[in-house]
Amino acid sequence: MLLRRFEEHLQSLAPPRGARVLVAVSGGPDSVALLDLLVAGGAAHQWELVVAHVDHGIHSESDRIARMVESLAASYGLEFQNRRLQLGPGTSETDARAARYAALEAMRIEQHGDWIVTAHHADDQAETVLLRVLGGTGPAGLAAMAAVQGSIVRPLLPFRREELARYRLDRNLQAWEDPANRDPRHLRSWARGSLLPIIREKLPDVDAQLLRVSRQAGFERIAWDRVLEVIPELGWRPEPGGGSVAAACLAAYDSTLGNALLRAAARRAGLTLGIARAQRAIEFLAQAQSGSRMELGGGWTLEVEFGRARLRGVKTAEPLVESLGSALMVVGPLGEANFGRWALRWRPEPAPDQQARDGLAAWFIPGALQVRPWQAGDNIRPLKGRGSRLVVKCFQEAKVARADRSTWPVVLDSAGQVIWVPGVCRSENLVPQPGAQALRVDAQIT
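Residues numbered from 1 in each chain as written. Predicted model: local features only at pLDDT ≥ 70, side-chain atom pairs only at ≥ 80, totals over all residues. Heavy atoms only, no water.

**Focus: the overall build of the protein chain**
Helix and strand counts for the protein chain stand at 14 helices and 22 strands. The C-alpha atoms of the protein chain give a radius of gyration of 24 Å, which matches the 22 Å a tight globule of 446 residues would have. In the protein chain, the share of contacts with a sequence separation of at least 24, taken over all contacts with a separation of at least 6, comes to 69%. Only carbon and sulfur atoms are counted for the fraction: they give 52% of the accessible area of the protein chain, which is about 22,000 Å². Averaging the locations of the 54 positively and 49 negatively charged side chains of the protein chain gives two centres separated by 4 Å. (Helix = DSSP H or I, 4+ residues; strand = E, 2+ residues; numbered from the N terminus. Rg over C-alpha atoms; globule rule 2.2 N^0.38 Å. Contact = heavy atoms within 4.5 Å. Areas by Shrake-Rupley, 256 points an atom, 1.4 Å probe, with all protein chains shown as cover. Lys, Arg positive; Asp, Glu negative; His and termini not counted. Charge placed at Lys NZ, Arg CZ, Asp CG, Glu CD.)

**A closer look at the packing of helix α2 (residues 29-40) against helix α7 (residues 161-171)**
Helix-helix packing is characterised by the crossing angle of the two axes and by the distance between the axes. Where α2 contacts α7, the axes come no closer than 10 Å and their chain directions differ by 65°. When the axes of α2 and α7 are compared, the pair comes out roughly perpendicular. Considering the relative orientation of α2 and α7, their crossing is left-handed. Listed contacts from α7 to P29, D30, A33, D36, L37 and A40 of α2 are L164, Y167, R168 and R171. (Axes fitted to C-alpha atoms, helices over the stretch in contact; angles between N-to-C directions. Parallel < 35°, antiparallel > 145°, perpendicular 65-115°, else oblique. Left-handed = near helix turned anticlockwise from the far one by under 90°.)

**Structural notes on unusual backbone geometry**
Of note in the backbone geometry, K384 takes a positive phi value of approximately 60° without being a glycine. Locating K384 in the fold gives a position in the loop between β17 (379-380) and β18 (389-390). The exposure class assigned to K384 is exposed, which follows from its relative accessible area of 66%. (Buried < 20%, exposed > 50% of the residue type's maximum accessible area, 1.4 Å probe, protein only.)

**Let's talk about the side chain of S62**
Mapping S62 onto the fold places it in helix α4 (residues 62-75). Engagement of the side chain of S62 in a polar contact is seen with the side chain of R84, the distance being 3.3 Å. Excluding its chain neighbours within four sequence positions, the residues that come into contact with S62 are D55 and R84. (Polar contact = N/O pair within 3.5 Å; in protein donor to acceptor, adjacent residues only side chain to side chain.)

**A short note on α2**
Between its terminal C-alpha atoms α2 stretches 16 Å, which fits the 16 Å expected from 12 residues at 1.5 Å a residue. In terms of burial, α2 is a largely internal element, 10 of the 12 residues being buried. Considered for burial, the residues of α2 that qualify are P29, D30, S31, V32, A33, L34, L35, D36, L37 and L38. (Expected span 1.5 Å × (residues − 1).)

**Here we look at the layout of surface pockets**
In this structure, the second largest pocket occupies an estimated 470 Å³ of space. Breaking the lining of the second largest pocket down by element, the ones donating at least two residues are β7 (237-239), α13 (391-397) and β22 (437-445). Looking at side-chain class alone, the lining of the second largest pocket contains 14 nonpolar, 2 polar and 9 charged residues. (1 Å grid on protein atoms, 1.4 Å probe; cavity = no way out; pocket = protein on both sides within 12 Å on 5 of 7 lines; lining within 4 Å. Points joined across faces, edges and corners; volume = space filled by probe spheres on them. Nonpolar A, V, L, I, M, F, W, Y, C, P; charged D, E, K, R; others polar.)

**Describing the nonpolar core**
Counting 32 residues, the largest nonpolar core has F6, L34, L37, L38, W47, V51 and L156 as its most contacted members. No other element matches α2, which puts 6 residues into this core. When sequence neighbours within four positions are dropped, the list of residues in contact with V51 reads V23, V25, L35, V69, A73, L78, E79, F80 and Q81. Grouped together as the second largest cluster of nonpolar side chains are 31 residues, F339, V391, V418 and A443 included. (Core = buried A, V, L, I, M, F, W, Y, C linked by side-chain atoms within 4.5 Å.)

**Let's talk about a nonpolar patch on the surface**
A surface patch of nonpolar side chains, amounting to about 300 Å² of accessible area, comprises L134, L187 and W190. Of note, L134 is situated in helix α6 (residues 122-134). (Patch = residues over 30% accessible without salt bridge, like charges linked within 9 Å, V, L, I, M, F, W, Y side chains within 5 Å. Salt bridge = Lys/Arg side-chain N within 4 Å of Asp/Glu carboxyl O.)

**Describing α4**
Here α4 is 14 residues long and its end C-alpha atoms lie 20 Å apart, about the 20 Å a rise of 1.5 Å per residue gives. Every buried residue of α4 is accounted for by S62, I65, A66, V69, L72 and A73. Seen along its axis, α4 keeps its buried residues to an arc of 120°; they face one direction. Turned more than 90 degrees away from the buried face of α4, the exposed residues are R67, A74 and S75. Elements in contact with the buried residues of α4: α2, β2 (48-55) and β3 (79-84). G77 lies just past α4 and shows a positive phi near 75°. (Arc of directions from axis to C-beta.)

**A few points about the sheet that holds strand β14 (residues 342-350)**
Taken in spatial order, the 4 strands make up an open sheet running β13-β14-β22-β15, and their pairing is antiparallel. The open sheet is flanked by β13 (335-339) and β15 (361-364), the only strands paired with a single partner. The sheet shows a mean angle of 25° between the axes of neighbouring strands, direction not considered. The pairing of β13 with β14 spans 5 bridges and is classified as antiparallel. Its bridge partner lying in β14, A337 is registered against L344. (Pairing = 2+ DSSP bridges.)

**Let's talk about the confidence of the model for the protein chain**
Predicted confidence across the protein chain gives a mean pLDDT of 86, with 95% of residues reaching 70 or more. Between residues 315-325, whose pLDDT stays under 50, and residues either more than four places distant or in other chains, the model counts 17 contacts. (pLDDT = per-residue confidence, 0-100.)

**Some thoughts on the environment of L262**
Following the sequence through the fold, L262 ends up in helix α11 (residues 255-269). Separated by 32 residues in sequence, L262 and V230 have C-alpha atoms that sit 15 Å apart. Setting aside chain neighbours within four positions, we find L262 in contact with L250, L273, A278, A281, I282 and L311.

**Some points on the side chain of R308**
Examined against the element boundaries, R308 turns out to sit in strand β11 (residues 308-312). For R308, the side chain forms a polar contact with the side chain of S244, separated by 3.0 Å. Dropping the residues within four chain positions of it, R308 is found in contact with L234, G235, W236, R237, S244, V245, A246, A247 and E303.

**Quick notes on the pairing of strand β20 (residues 418-421)**
Where strand β19 (residues 409-412) and β20 come together, 2 bridges link them in antiparallel fashion. Opposite V411, over in β20, you have W420 as the bridge partner. A loop of 5 residues connects β19 with β20, the two strands running antiparallel in sequence, and G416 in this loop sits at a positive phi of about 85°.

Structure representation (structure tokens):
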């Protein structure tokens, strides 16, 4: 039975019980089936479900479809959230997909959600692998879509389109068929409706073989990703706009191994790096001095600083997003917000016996706090330290690169005093007594 298998698979994925989950529902057959499966299996996962719909503004019937999804959410007694975009009929598949994911992520943050669940299934995965082969992807790209990727969860990847269709028929579920899914002008639609049927005439098991390629490539991708964590001298760490590893360590490896590790680090940072470009980067690191910089294309750079090989994206040194203005207020007992490349969350929690001076979590005596970018001249009274120190000195000791400092969040109390620089320095101000009710703030580089 599909529902039982779905519940068993869902339990193998990361989301904990009681999580607030946005279900991406387009109104199409697959997302309608996904929503019903999640509701029917509610006893197993105990999630708080929110139906999230993105109206791309492309199709002439988009308003009607949004209302249909809203009615569907109401029939299950679920909250409905809608985001309307103004993309227009000439929008490419790639741009529409990027806009859709950005809209879903914005809704997740606004709704204090933990996850976004999408309806990608096994046939979507096979099509993705085929399209990536035709596009000349590298080995890691053949892994295609991951079941859990950031805030995205894809619980239908083990299931085929035809069994989801049978489930909808058995449950008498109505859905909207997007005509774009049959339009051969779209690359994926052409592969689905024209190319794959031709291949199946000679190779009936092509879908299963494509999925086999995906599983094997995914196994290798995960293995290299984990290697970053089990080589302590490599010292992988995420940073605003990318990440870094120990430059001398990476350059000292055999060129083939160094190439593979650099590409794994790049994937962690959000960059797809080809073998040839990675090899040029390894050769660059072998002779680079501190302050050296190499362009990697697409706005990405490789820089050597403080003994670290830093992969930086195009947005690393840009000012904070305009919608946040110059400052963010942390108010109320519970909340979440993005601050440039940082994600901040706060909640009430008893204070621990001790706090780390350079941690990414800090506990404060409850009250309104302000978050703004670092400014030259900022100073702080370090926890268990003596006197005040310039924050720039703390940055230098923590080996925070100059390019990152202008967008690094600084937390201030109501008097405007710097009380915390996440990952760099906690001050002695507003430190609650151990066990006392406190405001916990977590900062994470996204």
